[in-house]
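Each chain, written out:
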Amino acid sequence: MPKTTANGIEIHYEEQGDPAAPAMLLIMGFGAQLTLWPDELVEALAAQGFRVIRYDNRDVGLSQKFDGVKAPGLVKMTLLSKIGFTPKVPYTLADMADDGVGLLDALGIERAHIVGASMGGMIAQHVAARHPDRCLSLTTVFSTTGNPKLPPARPEAMKALITRPDSTEEGVLVEHGMMLARTIGSPGYPAPEDRLRERTLASVRRSFYPEGPTRHLSAIVADGDRRAMLRDIAVPTLVLHGEDDPLVPCEGGRDTAASIPDARLKTIPGWGHDLPLELVDELAGAIGEHARQSGGGEG
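In what follows, the accompanying structure is described. In this text the structure is predicted, and so the values were computed from the model without any measurement.

Between helix 3 (residues 93-106) and helix 4 (residues 119-130), whose axes approach to 8 Å, the crossing angle comes to 75 degrees. When the axis of helix 3 is compared with that of helix 4, the two are roughly perpendicular. For the pair helix 3 and helix 4, contact is made by Leu93, Ala94, Met96, Ala97, Asp98 and Val101 and by Met119, Met122, Ile123, His126, Val127 and Arg130, respectively. Within the contact of helix 3 with helix 4, the residues separate by chemical class into 9 nonpolar, 1 polar and 2 charged.

Structure, rendered in structure tokens:
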């Protein structure tokens, strides 16, 4: 897999499609490797005429790890945030946005369509707000605004997300990963058992690094409410969200669309917090159409 230095750190990435085509940068979410973007979705976007680039965020997958850098505990961070203090964290979502822009720099890409899922959507919001000249369009996928008044994740979804596996034995890690995927996944599109096991095993064997998500979570909590920032985004924006998302309820998508001027919202019943094969064509179609309508063709 290719690797490069972006924003001063090592980033691993993959790309597919015509190198001369308009670029599309896919930013994955909390603790998730680039492989969580299904190959079928990447191929569908490339087939529409895009140079599709996905990468491992810092502290996850094969990108640079921040070993030994401690994040404050979740309880402390939450309390500080509630009384108006920004907790000191190892790095911020803005730093992670600069990683993505640094990757574009390293690849010689002037502007790209930016697509972010979950925490990746939050990072993508920062890219659009901080680097609008680098964005042809913005698409956020099951993401949110940080508005503290929005409904929280369902308790079982949050518990599954932050609970660590009982051991680091491969079989235990695979079962834990499958439990998480089932808990936050789409009730209308449950993943076949064999595919889920195969993908989870491949993910575990590619990288298992539980310290990274702790620092990711601290970056999310410290970021707070982004609505004021979102009101200044002038990049053409599409918001995609599942109506049955147990981790980031659909209100997060609605609030995102309401906060970004002229953003379009598309919700899908039965869709949870994953990217099921059954929705690949619909999602790729929506993302590709939005990118084409947004104009700007250079890669």
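Next comes the rest of the write-up.
With 47 residues, the main nonpolar core has Leu25, Ile27, Ile53, Leu93, Leu103 and Ile114 as its most contacted residues. In this structure, isoleucine 114 is in contact with Leu25, Ile27, Ala124, Val127, Cys135, Ser137, Leu138 and Thr139, ignoring residues within four places of it in sequence. Listed in part, the 27 residues of the second largest apolar core include Met28, Ala32, Trp37 and Leu45.

The next point concerns the pattern of salt bridges. Throughout the structure, instances matching the rule amount to 17 salt bridges. Salt-bridge contacts for aspartate 105 lead to arginine 134; the nearest nitrogen and oxygen are separated by 2.8 Å. Of this pair, aspartate 105 sits in helix 3 while arginine 134 sits in the loop between helix 4 and strand 6 (135-141), placing them 29 residues apart in sequence. A salt bridge links arginine 205 to glutamate 170, with the nearest nitrogen and oxygen atoms 3.0 Å apart. Of the two residues, arginine 205 is situated in helix 7 (residues 193-206) and glutamate 170 in helix 6 (residues 170-184); the sequence distance between them amounts to 35 residues. Among the charged side chains, a network of salt bridges with common partners joins Glu175, Arg182, Glu193 and Arg197.

Before going further, it helps to examine the pairing of strand 4 (residues 51-55). Counting buried positions along strand 4 gives 5 out of 5 residues, so the element sits mostly inside the fold. Neither face of strand 4 is open: one carries Arg51, Ile53 and Tyr55, the other Val52 and Arg54, and all of them are buried. Bridge analysis of strand 2 (residues 9-16) against strand 4 gives 4 bridges, and the strand direction is antiparallel. Directly across from tyrosine 13, in strand 4, lies its bridge partner tyrosine 55. Bridging between strand 3 (residues 23-27) and strand 4 involves 5 bridges; their strand directions are parallel.

Our next topic: helix 7. Between the first and last C-alpha of helix 7 there are 20 Å, a value that for 14 residues agrees with the 20 Å anticipated at 1.5 Å per step. All buried positions along helix 7 are accounted for by Leu196, Thr200, Val204 and Arg206. Along helix 7, the residues classed as buried sweep out an arc of 165 degrees about the axis, all on the same side. Turned more than 90 degrees away from the buried face of helix 7 sit Asp194, Glu198 and Arg205, all of them exposed. Of the surrounding secondary structure, the elements contacted by the buried residues of helix 7 are helix 6.

Let us look at the pairing of strand 1 (residues 3-6). Covered by surrounding structure in strand 1 are Thr4 and Ala6 only, the residues Lys3 and Thr5 on the alternate face being uncovered. Sheet analysis places strand 1 next to strand 2, joined by 4 bridges and oriented antiparallel. Bridge assignment links threonine 4 to a residue of strand 2, and that residue is isoleucine 11. Linking strand 1 to strand 2, which pair antiparallel, is a turn of 2 residues; within it asparagine 7 sits at a positive phi near 55 degrees.

Here is what the cut-offs are and how they apply
Residues numbered from 1 in each chain as written. Predicted model: local features only at pLDDT ≥ 70, side-chain atom pairs only at ≥ 80, totals over all residues. Heavy atoms only, no water. Axes fitted to C-alpha atoms, helices over the stretch in contact; angles between N-to-C directions. Helix = DSSP H or I, 4+ residues; strand = E, 2+ residues; numbered from the N terminus. Parallel < 35°, antiparallel > 145°, perpendicular 65-115°, else oblique. Contact = heavy atoms within 4.5 Å. Nonpolar A, V, L, I, M, F, W, Y, C, P; charged D, E, K, R; others polar. Core = buried A, V, L, I, M, F, W, Y, C linked by side-chain atoms within 4.5 Å. Buried < 20%, exposed > 50% of the residue type's maximum accessible area, 1.4 Å probe, protein only. Salt bridge = Lys/Arg side-chain N within 4 Å of Asp/Glu carboxyl O. Pairing = 2+ DSSP bridges. Expected span 1.5 Å × (residues − 1). Arc of directions from axis to C-beta.

By themselves, these figures tell us nothing about what the structure is for.
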